Amino acid sequence: MLKEKLILGNWKMNGREETVHSFLAQIISLSCPIQTQVGIAFPSVYLSIAKQITQNSEITIGAQNLSQFSQDGAYTGEVSALMLKDLHLNFTLIGHSERRQYFNESNQQITDKLNNAYQNNLLPILCVGENLEARESNVENRIISEQLSVLDNLIQNDRPIIIAYEPIWAIGTGKVASVEQIEKMHQYVYEQLLSKGANPANIRILYGGSVNAENASTIFSLPKVSGALIGGASLKVEDFTKIIKATEN
Ligand code: PGA
């Protein structure tokens, strides 16, 4: 069952085994708001250990990426959905803007990844977002709509649809989208998903991009914001804790 709010950390290519241990020990000991699901996407080499540490807790663990290929085979360096399922992982990020930018991920690859995740009971978190040029040219809706088109043949009544709206110009820059920009885009994403046949009860739209302990409660108070995907601030346990607590209000 999907909780109302999701607070997901994305460690990107950061951390060591020791920091994974100490971070999780502190997060496990928190009493999280009842309506809030907390998860962290670690680098793949630490997923197994993170899953072990959290096995008796409510904290979920996810991957940052998975292979477009569904079956075992000669795909050097790839990690499949079957492998992530084998570790009993809960979710996976898909189509993060850094993957689109540095690894040229295409809509077709993202569609295959979504399909592999759904087939293996991994909750996919589809990341979408426009760059600064698109925002300044007022074409952000068109860009987001193109990115959401990967869901066209994947929506089913009982499937959770989780989108992380992350304007690229706000990621890691300290520049947060304005309340109005977030509200408008979340409403737009919501309507797009409804028009594709998504069940409203299964939709969660997260905001991502320089979310921190100070701005979190304002962002979470906005309609159609079901939580956040957090990069930099998820590396600091004090900040991440404050962001979790901000879902209480
Ligand atoms: P940030 O990253 O919180 O450091 O801006 C967000 C993300 O990339 O998911």
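Predicted, not measured: the structure shown is a model, and the values here were computed from it. (Residues numbered from 1 in each chain as written. Predicted model: local features only at pLDDT ≥ 70, side-chain atom pairs only at ≥ 80, totals over all residues. Heavy atoms only, no water.)

### A short note on unusual backbone geometry
- Within the chain, Ser-210 stands out as a residue other than glycine whose phi angle is a positive 60°.
- Tracing the backbone shows Ser-210 in the loop between strand S7 (203–208) and helix H9 (216–220).
- A positive phi angle, near 65°, is found at Lys-224, a position not held by glycine.
- Following the sequence through the fold, Lys-224 ends up in the loop between H9 and strand S8 (227–230). (Helix = DSSP H or I, 4+ residues; strand = E, 2+ residues; numbered from the N terminus.)

### A word on the sheet that holds strand S3 (residues 60–63)
- Strand order in the closed barrel made by the eight strands is S1-S2-S3-S4-S5-S6-S7-S8, with parallel pairing throughout. Geometrically, the sheet is characterised by an average inter-axis angle of 25° between neighbouring strands, direction not taken into account.
- Pairing between strand S5 (residues 123–128) and strand S6 (residues 161–165): four bridges, direction parallel. Within the sheet, the bridge partner assigned to Ile-125 lies in S6 and is Ile-162.
- Relative to strand S1 (residues 5–10), helix H10 (residues 237–245) is tilted by about 165°, and along the sheet it contacts S1, strand S2 (36–41) and S8. (Pairing = 2+ DSSP bridges. Axes fitted to C-alpha atoms, helices over the stretch in contact; angles between N-to-C directions. Contact = heavy atoms within 4.5 Å.)

### Some thoughts on the site of the ligand
- Around the ligand sit 13 residues in total, of which Lys-12, His-96, Glu-166, Gly-172 and Ser-210 are the nearest.
- At 2.7 Å from an oxygen atom of the ligand is found a side-chain nitrogen or oxygen belonging to His-96.
- Its free accessible area being 280 Å², the ligand has 95% of it covered by the protein chains. (Near = heavy atom within 4 Å. Polar contact = N/O pair within 3.5 Å; in protein donor to acceptor, adjacent residues only side chain to side chain. Areas by Shrake-Rupley, 256 points an atom, 1.4 Å probe, with all protein chains shown as cover.)

### Focus: the side chain of Glu-140
- Residue position: Glu-140 is located in helix H7 (residues 140–148).
- A distance of 3.3 Å separates a polar atom in the side chain of Glu-140 from a polar atom in the side chain of Arg-135.
- Excluding residues within four positions of it along the chain, Glu-140 makes contact with Glu-130, Ala-134, Arg-135 and Met-185.

### Brief notes about the packing of helix H1 (residues 17–28) against H10
- Contact geometry for H1 and H10: axes closest at 10 Å, N-to-C directions at 30°. If you check the angle between H1 and H10, you find them roughly parallel. Our pair here, H1 against H10, has a crossing hand that is right-handed. Between H1 and H10, the residues in contact are Phe-23, Gln-26 and Ile-27 and Val-237, Phe-240, Thr-241 and Ile-244, respectively.
- Looking at the contact of H1 with H10 residue by residue, the classes come out as five nonpolar, two polar and no charged. (Parallel < 35°, antiparallel > 145°, perpendicular 65-115°, else oblique. Left-handed = near helix turned anticlockwise from the far one by under 90°. Nonpolar A, V, L, I, M, F, W, Y, C, P; charged D, E, K, R; others polar.)

### Considerations on H10
- Restricting attention to buried positions, one finds in H10 the residues Val-237, Phe-240, Thr-241, Ile-243 and Ile-244. Take H10 and look down its axis: the buried residues cluster within an arc of 160°, on one side only.
- Taken together, the buried residues of H10 touch S1, H1, S2, H9 and S8. (Buried < 20%, exposed > 50% of the residue type's maximum accessible area, 1.4 Å probe, protein only. Arc of directions from axis to C-beta.)

### Some remarks on the environment of Leu-122
- Along the chain, Leu-122 falls in the loop between helix H5 (107–119) and S5.
- Residue classification places Leu-122 among the buried residues on the basis of a relative accessible area of 2%.
- With 30 residues separating them along the chain, Leu-122 and Thr-92 place their C-alpha atoms 6.5 Å apart.
- If near-sequence neighbours (up to four positions away) are discounted, Leu-122 is found in contact with Leu-66, Ala-81, Leu-84, Leu-89, Asn-90, Phe-91, Thr-92 and Ala-117.

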